[in-house]
Amino acid sequence: MSLMERVDFAIKISRKAGKILLSEWGNPANISEKSSFQDLLTNMDKKSQSIIVEAIREKFPEDGVLAEEGIDERKSKMWVIDPIDGTVNYAFGLPSFSVSIAYVEDDQPKLGVIHLPVIDETYYAVHGSGAYMDGVRIKVSSRDELRKTVGLMGFFRGFTGKFISEMEDKVIRIRMLGSIAAGAAYIAAGRADFYVAKRANPWDVAAAVLILKEAGGRVTDIEGKEVGIYSKSYVFSNGKIHGELLKHIKDII
Ligand code: IPD
Ligand code: CA
Ligand code: CA
């Protein structure tokens, strides 16, 4: 099956999962703690994952699956899934959460889909074919100085405070959205200019990296090195302010 057919499948299944997620948004039947009190899991993370994984197993029984909630069946051809990116937002009823699905060959993302159920937007890309949101081609912003930018970041103990202090007189704003995938999709669409993530997992970033690159953006780790899906730290940007941004990050790490 072609990558175009695969991306259509991934878009459909992300939307199906998103629709079901909306039924318990802000009020999931069960919320528990995973690794710590700051790391939440809901019954709907598992529900969304099983909808997506069952559909993949039916359609692509040969493919591997790496999914956040306990599936690690890695293969050279595999799907990498975050059934809810932004579980804290989801559990609290905040709108910034997403479903992220990527198809990867030899650890290289070939297609990526990020669906935001509340605002009903679906971002996607196929390697070499550009990035889209609901059928419309998207590209990163052209803002070329930090002082013109809005940046996004995650909540990383020991880093976020330092980074905000470093940047507070250099950018218009720093925002914390609570979903790496949603944040990277916004950078791809030019709605913000960079996103800094200190600790990320493959399911947070596999779709995001491809969509951002296909939208003309740049992604490295926080030291400026090329990234793969297992890199941990990520700086997503419009490319124009990437070097300037890395210099400021260097000063605080
Ligand atoms: C988290 C979100 C959050 C980021 C964390 C991720 P989850 O994913 O993307 O914004 O700061 O690093 O783990 O746990 O909601 O899937
Ligand atoms: Ca995640
Ligand atoms: Ca998740």
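Just so it is clear, the structure is predicted and the values come from calculations on it, not from any experiment.

A. Looking closely at the packing of aromatic side chains. Scanning all chains against the criterion turns up 11 aromatic pairs. Judged by centre distance (5.9 Å) and plane angle (15°), the ring pair of Y124 and Y132 falls under stacked. According to the relative accessible area criterion, Y132 is partly exposed, its value standing at 24%. Here a set of aromatic residues connected by ring pairs shows up, and it is made of F9, F60, W79 and Y103. The cationic tip of R6 hangs over the ring face of Y103; the distance from NZ or CZ to the ring centre is 4.2 Å.

B. Just the coordination of the calcium ion (ligand 3), in detail. Here the calcium ion (ligand 3) is held by the protein donor atoms E68 (OE), D82 (OD) and I84 (O), which lie 2.1 to 2.3 Å from it. The distance between the calcium ion (ligand 3) and the calcium ion (ligand 2) comes to 3.7 Å, with D82 serving as a donor to both metals. Highlighted residues: E68 in the loop between β3 (64-67) and β4 (71-73) and D82 in strand β5 (residues 77-85), separated in sequence by 14 residues. Relative accessible area serves as the criterion here: at 0%, D82 is assigned to the buried category.

C. Up close: the domain arrangement of the chain. Partitioning the chain into structural domains gives domain 1 (3-138) and domain 2 (146-250). A C-alpha centroid distance of 20 Å is found between domain 1 and domain 2. In this assembly, 40 residues from domain 1 lie in contact with 25 residues from domain 2. When domain 1 packs against domain 2, the two sides together hide about 2,400 Å² of surface, and 63% of this comes from carbon and sulfur. Taken together, the connections running from domain 1 to domain 2 amount to one salt bridge. Between E121 and R191 there is a salt bridge whose closest N-O contact spans 2.9 Å. Across the domain 1-domain 2 interface, the total number found is 12 residue pairs in polar contact (both at pLDDT 80 or more). Those elements giving two or more residues to the side of domain 1 that touches domain 2 turn out to be β3, β5, β6 (98-105), β7 (108-116), β8 (121-126) and β9 (131-133). Considering every element that reaches the side of domain 1 that touches domain 2, the biggest residue donor is β7, with seven residues. Residue classes in the side of domain 1 that touches domain 2 are distributed as 22 nonpolar, 11 polar and seven charged.

D. Looking closely at the sheet that holds strand β15 (residues 234-237). Reading across the sheet, the five strands line up as β12-β11-β13-β15-β14 and stay open at both edges, with mixed pairing between neighbours. Looking at strand neighbours, the two that pair on one side only are β12 (173-175) and β14 (218-220), the edges of this open sheet. Shown here is a sheet whose adjacent strand axes are inclined to one another by a mean of 15°, direction ignored. The sheet contact formed by β14 and β15 spans three bridges and is antiparallel. Bridging across to β15, R218 finds its partner in S237. Contacts from helix α6 (residues 202-214) reach β14 and β15, with the element oriented near 35° to β15.

E. Expanded view of the pattern of salt bridges. With the rule as written, the count across this model stands at 12 salt bridges. When the shortest N-O distance is used, the salt bridge between E68 and K34 registers 3.2 Å. Placement of the pair is E68 in the loop between β3 and β4 and K34 in the loop between β1 (31-33) and β2 (40-42), with a sequence separation of 34 residues. For E68, a relative accessible area of 22% corresponds to the partly exposed category. The shortest N-O distance in the salt bridge between E69 and K34 comes to 3.0 Å.

Rules and cut-offs
- Residues numbered from 1 in each chain as written.
- Chains lettered and ligands numbered in written order.
- Predicted model: local features only at pLDDT ≥ 70, side-chain atom pairs only at ≥ 80, totals over all residues.
- Heavy atoms only, no water.
- Phe/Tyr/Trp six-rings, centres within 6.5 Å; stacked < 30°, edge-to-face > 60°.
- Buried < 20%, exposed > 50% of the residue type's maximum accessible area, 1.4 Å probe, protein only.
- Lys NZ or Arg CZ within 6 Å of the ring centre and 35° of its normal.
- Donors = N, O, S within 2.8 Å, 3.2 Å for Na, K, Ca; no water.
- Helix = DSSP H or I, 4+ residues; strand = E, 2+ residues; numbered from the N terminus.
- Domains from an automatic or database assignment.
- Contact = heavy atoms within 4.5 Å.
- Buried area = accessible area lost by both parts, 1.4 Å probe.
- Salt bridge = Lys/Arg side-chain N within 4 Å of Asp/Glu carboxyl O.
- Polar contact = N/O pair within 3.5 Å; in protein donor to acceptor, adjacent residues only side chain to side chain.
- Nonpolar A, V, L, I, M, F, W, Y, C, P; charged D, E, K, R; others polar.
- Pairing = 2+ DSSP bridges.
- Axes fitted to C-alpha atoms, helices over the stretch in contact; angles between N-to-C directions.

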